[in-house]
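Per-entry structural report
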Amino acid sequence: MKSLILAVFIACSGLFVSMESLAKPEDFQGFVQVSAQRELYVDYVAPERGLPTVVLINGLTYSTRQWENFVQPLIAKGIGVLRYDPFGQGQTLLKYAPIVAPIPYQDQIADLKVLLEKMKVKGPYNLVGLSYGGGIAAGFAAAYPSLIKNLVMMAPFTRPLDGTDNWIKAQIWATRQIFPLNKMSDDDLYDYYLHQIVYATYPQAEPIVLENPFKLEATYRLVQGIRKARPIDLTHTIPARALHLMIARQDQYINTSVLDEYWDAVPNEARASRLYINGSEHKMVEAVPNFTAAWVYEIVTGNKRLFKGQDFEGYPYRGEVRAGDENIKVGRE
């Protein structure tokens, strides 16, 4: 009798372990240590069984909060979502403020790799980067191409904004003419004038930089740390059919021609899809969150129509994406 009870207990224990192994991983909110000197704030919702996870990389003035309306449709469909605040942003900024030195984009890439390992997110990864975050995503893909499944770049940083860059270079030239004995290097002068333009224009263009006393300076330090990055020179590292480029037709910061130039530099075999979104400004995940979330859902769940290097026109308020006679129904605003 005892041996029978023991056998039943062992069988039930085995069933219990098996069921546990199939359980959904735990959601998490809090700080995760990525180095001896640094922790990053994370907001993670685990995927339903068999579904992928998307990794969201903040725009320049973003934190995890600004993604909220974008992530809810994905979570509702069982997609896992990992949001986090890199060094210099959101809750991570508040933990380490004030930031008084450049934040190299290479450090952000290294932090992301460690974070994904610590969070045990299964690779290869679906990276979704907006603006500044698109530049970080491109750098991550260049450093670790084998870890990339889908590289979704939303109005990404591919080089410094033409207007800002040209103005700063003009100031450097004028400084050399007026003060020929000035001992500052061109790099030092560039950062000096970059600091001026960030402090002069961002409070009006991006009022969110004033939400705490540390954010404006941190924003400058983020720009300072990525300004020399050249994602356009790294396109040869993008894995086959991995790049999904999303362009806002009404982008107030990045001209469409700049992102088309980037796309043209991408090898044909690396192109998956290019989507032009009508009726959206630069921060597309806030302007048209349901539409952009639906498009990302189609990407990460493997809609085969999105992996042929094709161009698409998106109409968020009709919930449609078109390519010639082809019409794909997606989330409607």
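The following refers to the structure shown. (Residues numbered from 1 in each chain as written. Predicted model: local features only at pLDDT ≥ 70, side-chain atom pairs only at ≥ 80, totals over all residues. Heavy atoms only, no water.)

**Focus on the overall build of the protein chain**
In terms of helices and strands, the protein chain carries 11 helices and 11 strands. Along the first, second and third principal axes, the C-alpha set of the protein chain runs to 100 × 55 × 35 Å. In the protein chain, which comprises 333 residues, the share counted as buried stands at 51%. Put simply, 70% of the contacts in the protein chain that link residues at least 6 apart link residues at least 24 apart. Total accessible area computed for the protein chain in this model is approximately 15600 Å², and 56% of it derives from carbon and sulfur atoms. Across the protein chain, the centroid of the 34 positively charged side chains sits 4 Å from that of the 35 negatively charged ones. (Helix = DSSP H or I, 4+ residues; strand = E, 2+ residues; numbered from the N terminus. Buried < 20%, exposed > 50% of the residue type's maximum accessible area, 1.4 Å probe, protein only. Contact = heavy atoms within 4.5 Å. Areas by Shrake-Rupley, 256 points an atom, 1.4 Å probe, with all protein chains shown as cover. Lys, Arg positive; Asp, Glu negative; His and termini not counted. Charge placed at Lys NZ, Arg CZ, Asp CG, Glu CD.)

**Some remarks on the layout of surface pockets**
Taken as a whole, the largest pocket holds about 700 Å³ of empty space. Looking at the lining of the largest pocket, the elements that each hand over two or more residues are helix H6 (162-178), helix H7 (186-205) and helix H8 (215-226). When grouped by side-chain class, the residues that make up the lining of the largest pocket number 19 nonpolar, nine polar and five charged. (1 Å grid on protein atoms, 1.4 Å probe; cavity = no way out; pocket = protein on both sides within 12 Å on 5 of 7 lines; lining within 4 Å. Points joined across faces, edges and corners; volume = space filled by probe spheres on them. Nonpolar A, V, L, I, M, F, W, Y, C, P; charged D, E, K, R; others polar.)

**Considerations on the sheet that holds strand E8 (residues 271-277)**
An order of E1-E2-E4-E3-E5-E6-E7-E8-E9-E10-E11 is seen for the 11 strands of this open sheet, with the pairing classed as mixed. Both outer strands of the open sheet, strand E1 (28-35) and strand E11 (326-329), are each paired with one neighbouring strand and no more. Across the sheet, the axes of successive neighbouring strands diverge by a mean angle of 25 degrees, strand direction being ignored. Relative to strand E7 (residues 243-248), strand E6 (residues 148-154) runs parallel, the two being bridged by four bridges. The residue bridging Leu151 from the neighbouring strand is Leu243, located in E7. Set on the sheet, helix H2 (residues 68-76) makes contact with strand E2 (38-45), strand E3 (53-57), strand E4 (80-85) and E6; between it and E4 the angle comes to about 155 degrees. Lying on the sheet, helix H11 (residues 289-300) is in contact with E3, strand E5 (125-130), E6, E7, E8, strand E9 (310-315), strand E10 (320-323) and E11; it crosses E6 at an angle near 160 degrees. (Pairing = 2+ DSSP bridges. Axes fitted to C-alpha atoms, helices over the stretch in contact; angles between N-to-C directions.)

**Let's talk about the pattern of salt bridges**
One pass over the full model with this rule turns up 23 salt bridges. For the salt bridge of Glu217 with Arg221, the shortest nitrogen-to-oxygen distance reads 2.9 Å. You can see Glu217 and its partner Arg221 sitting in helix H8, four residues apart, about one turn around the helix. Each member of the pair, Glu217 together with Arg221, is buried. (Salt bridge = Lys/Arg side-chain N within 4 Å of Asp/Glu carboxyl O.)

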